[in-house]
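So the chains spell out like this:
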Amino acid sequence: DEIGDASKKLGDASYNFAKEVDWNNGIFLQAPGKFQPLKALKAIDKMIEMGAAADPKLLKAAAEAHHKAIGSISGPNGVTSRADWDEVNAALGRVVASVPKAKVMAVYDAVKDITDPKVPAYMKSLVNGPDAEKAYQGFLEFKDVVAKNQVTAASAPAVVPSGDKIGAAAKQLSDASYPFIKDIDWLSDIYLKPLPGKTAPETLKAIDKMIVMGAKMDGNLLKAAAEAHHKAIGSVDSKGVTSAADYEAVNAALGRLVASVPKETVMDVYNSMAKIVDPTVTNNMFSKVNPLDAVAAAKGFYTFKDVVQASQ
Ligand code: DGD
Ligand code: CLA
Ligand code: PID
Ligand code: PID
Ligand code: PID
Ligand code: PID
Ligand code: PID
């Protein structure tokens, strides 16, 4: 396709730049300016809306391309192979082309809103400047090909299941865990801190397992889960807490999503996360909430998972 061809030209223009970026740099975990969690949540919300509008088949292909690219990483900077770099660009270009332009620009504008204007120049100062300029020029040409192939209407909204066992179990889980949800400090910057003692390549292994799980998920249920999160973000209070009803809808959507992949795929995520999440992290989280609320939530979760497993 045209986007695939254009990705080769983009690769010619940008792979030198890709090799110069230190992909393992901890700086990418930082907020790109002043820490403004509620504004950042708005930017994430725009990404969720874009993801929900995208063609599920193309999202799946993009997840697969990222998984493959993680497999060909080499060198201290963590760069993928030239061929996989091109494949990721092509896959993302196709995702972008599957949503209306306004949804893409809404992400751009919302991210711009939380990004200090000095960030781009600082990023450029870390690489060879002319290579960054060449890559940007290549991106501008690529985007014209994407725009030419872009849809004008979003894909149809998800079909949301109802009257199922997971929906009923989600009500129980949500009633049991909403007090815990209200105890959590959602506006803290602790969630942007690196995991103690873990390097980027170690963390990437766990992310890779999530990508693999995402690629196996039912596309309609993934879209439904994204829509449920978008709705939930719409009802957050000044502390970032969503309504009880929207919280329940998120749990139901995520339970159905988990049930759409094999148990081993879910356990691969859990086991790889358990390798990088030290008990000091979970204990620290626990120390900041009402312990009775956390235990009630945990009981709710371990009951819920049996219902999910039964539909898996
Ligand atoms: C937890 C899990 C929450 C941990 C929160 C921190 C996670 C941070 C994730 C880092 C993100 C990095 C990626 C994002 C970066 C993006 C960058 C671009 O507190 C365990 C041990 C292992 C815990 C770590 C693994 C967590 C994996 C969770 C899935 C990951 C999801 C993905 C996250 C990121 C992205 C999302 C999109 O399981 O877990 C607490 C448990 O810890 C406590 O241990 C459990 C035992 O495992 C279990 O066997 C049992 O003993 C239980 O139960 C206690 O404790 C007992 C009874 O058996 C129950 O019936 C019940 O009564 C209970 O007691 C009541 O207390
Ligand atoms: Mg989510 C999970 C935040 C958007 C899909 N997501 C999580 C949690 C965290 C979170 C609360 C990971 C850390 C953790 O396990 O804490 N997501 C979060 C935010 C946003 C977002 C802030 C922003 C909008 N997510 C989002 C989108 C999608 C997903 C758009 C795609 C549709 N997310 C997704 C999945 C999963 C998460 C598939 C998870 O599996 C993971 C999770 O919750 O695992 C348990 C602990 C969890 C909580 C504090 C909230 C859940 C409360 C449960 C139901 C009860 C509590 C049990 C116990 C006390 C602690 C967990 C024990 C553990 C062993 C399971
Ligand atoms: C400017 C000035 C003009 C010239 C110009 C110009 C530049 C405009 C630009 C630009 C626009 C632009 C847009 C970009 C957009 C990037 C979008 C990224 C989206 C990320 C998402 C992430 C996600 C996911 C995912 C799917 C999940 C949801 C999420 C489901 C269903 C200024 C040059 C024209 C770069 C969507 C993918 C996992 C949230 O106009 O004179 O330069 O860049 O998890 O969805 O699960
Ligand atoms: C524009 C203007 C509108 C019209 C429009 C428009 C276009 C927007 C577009 C577009 C946005 C867009 C985005 C693209 C992004 C590509 C990103 C590629 C990333 C590749 C990576 C590869 C890798 C790895 C990996 C992880 C490793 C690092 C690496 C570590 C720690 C402008 C059309 C709407 C194409 C990250 C995955 C292995 C490097 O909005 O008027 O056209 O395209 O090895 O991580 O090692
Ligand atoms: C233990 C001991 C026993 C008792 C027990 C026990 C507990 C086991 C547990 C547990 C397992 C477990 C699993 C959990 C899994 C969570 C998985 C989360 C996945 C997140 C993903 C994120 C993503 C995306 C997304 C889609 C994108 C890709 C991504 C596309 C196509 C220890 C109780 C049995 C919690 C997949 C969603 C946006 C990466 O066994 O005695 O306690 O928890 O962006 O894909 O866009
Ligand atoms: C298990 C054991 C295997 C069998 C198995 C199994 C099950 C795994 C499961 C499962 C995993 C799982 C995960 C679920 C996670 C639910 C997470 C809910 C999160 C809700 C949120 C709501 C909100 C918001 C929001 C953003 C705001 C904060 C809030 C800010 C900054 C165990 C079956 C494989 C259900 C986060 C979105 C508005 C609170 O593996 O043997 O069954 O379920 O307002 O953010 O304000
Ligand atoms: C213990 C012992 C067992 C019993 C048990 C137990 C307790 C475990 C616990 C607990 C685990 C736990 C985990 C919690 C996790 C919360 C995760 C929240 C994530 C929030 C995010 C918010 C955000 C944003 C956002 C984008 C911004 C950055 C952020 C930028 C650029 C010990 C009870 C099981 C509470 C990710 C989205 C706005 C950070 O296990 O016997 O009690 O709690 O602002 O992006 O700014």
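Residues numbered from 1 in each chain as written. Chains lettered and ligands numbered in written order. Predicted model: local features only at pLDDT ≥ 70, side-chain atom pairs only at ≥ 80, totals over all residues. Heavy atoms only, no water.

(A) Expanded view of the site of ligand 7. Neighbouring ligand 7 are 19 residues; Phe35, Pro37, Phe180, Tyr191 and Phe286 lie closest to it. Protein chains shield 66% of the accessible area of ligand 7, which is 1000 Å² for the free molecule. Looking at the shell around ligand 7, the elements that each hand over two or more residues are helix 2 (37–53), helix 13 (279–287) and helix 14 (291–310). Sorting elements by how many residues they give to the shell around ligand 7 places helix 13 first, with four residues. Tallied by class, the residues present in the shell around ligand 7 amount to 16 nonpolar, three polar and no charged. A domain split of the shell around ligand 7 shows at least three residues from each of domain 1 (2–148) and domain 2 (165–310). (Near = heavy atom within 4 Å. Areas by Shrake-Rupley, 256 points an atom, 1.4 Å probe, with all protein chains shown as cover. Helix = DSSP H or I, 4+ residues; strand = E, 2+ residues; numbered from the N terminus. Nonpolar A, V, L, I, M, F, W, Y, C, P; charged D, E, K, R; others polar. Domains from an automatic or database assignment.)

(B) Examining the site of ligand 4 more closely. Close contacts around ligand 4 come from 24 residues, with Trp23, Gly78, Thr80, Asn89 and Lys101 the closest. Between threonine 80 and ligand 4, the recorded distance is 2.8 Å, taken from a backbone N or O atom to an oxygen atom. At 3.4 Å, a side-chain N or O of lysine 101 approaches an oxygen atom of ligand 4. Across the shell around ligand 4, the residue classes break down as 16 nonpolar, six polar and two charged. (Polar contact = N/O pair within 3.5 Å; in protein donor to acceptor, adjacent residues only side chain to side chain.)

(C) Representation of the layout of surface pockets within the structure. Estimates place the volume of the second largest pocket at around 150 Å³. Forming the walls of the second largest pocket are Val160, Pro161, Leu221, Ala224, Glu227, Ala228, Lys231, Asp246, Ala249, Ala252, Ala253 and Arg256. The set of elements that each furnish at least two residues to the lining of the second largest pocket consists of helix 10 (219–234) and helix 11 (244–259). For the lining of the second largest pocket, the residue count by class is eight nonpolar, no polar and four charged. (1 Å grid on protein atoms, 1.4 Å probe; cavity = no way out; pocket = protein on both sides within 12 Å on 5 of 7 lines; lining within 4 Å. Points joined across faces, edges and corners; volume = space filled by probe spheres on them.)

(D) Geometry of helix 14. Under the 1.5 Å per step criterion, the end-to-end length of helix 14 is 29 Å for 20 residues, consistent within 8% with the ideal 28 Å. Along helix 14, the residues classified as buried are Asp293, Ala294, Ala297, Gly300, Phe304 and Val308. Within helix 14, the buried residues cover an arc of 120° as seen down the axis, which keeps them to one side. Exposed residues pointing more than 90 degrees away from the buried face of helix 14 are listed as Leu292, Lys299, Tyr302, Thr303 and Ala310. Looking at the buried positions of helix 14, the neighbouring elements they touch are helix 8 (165–183), helix 11 and helix 13. Here helix 14 starts with a cap whose side-chain oxygen sits 2.9 Å from the backbone nitrogen of leucine 292, and that cap is asparagine 290. (Expected span 1.5 Å × (residues − 1). Buried < 20%, exposed > 50% of the residue type's maximum accessible area, 1.4 Å probe, protein only. Arc of directions from axis to C-beta. Contact = heavy atoms within 4.5 Å.)

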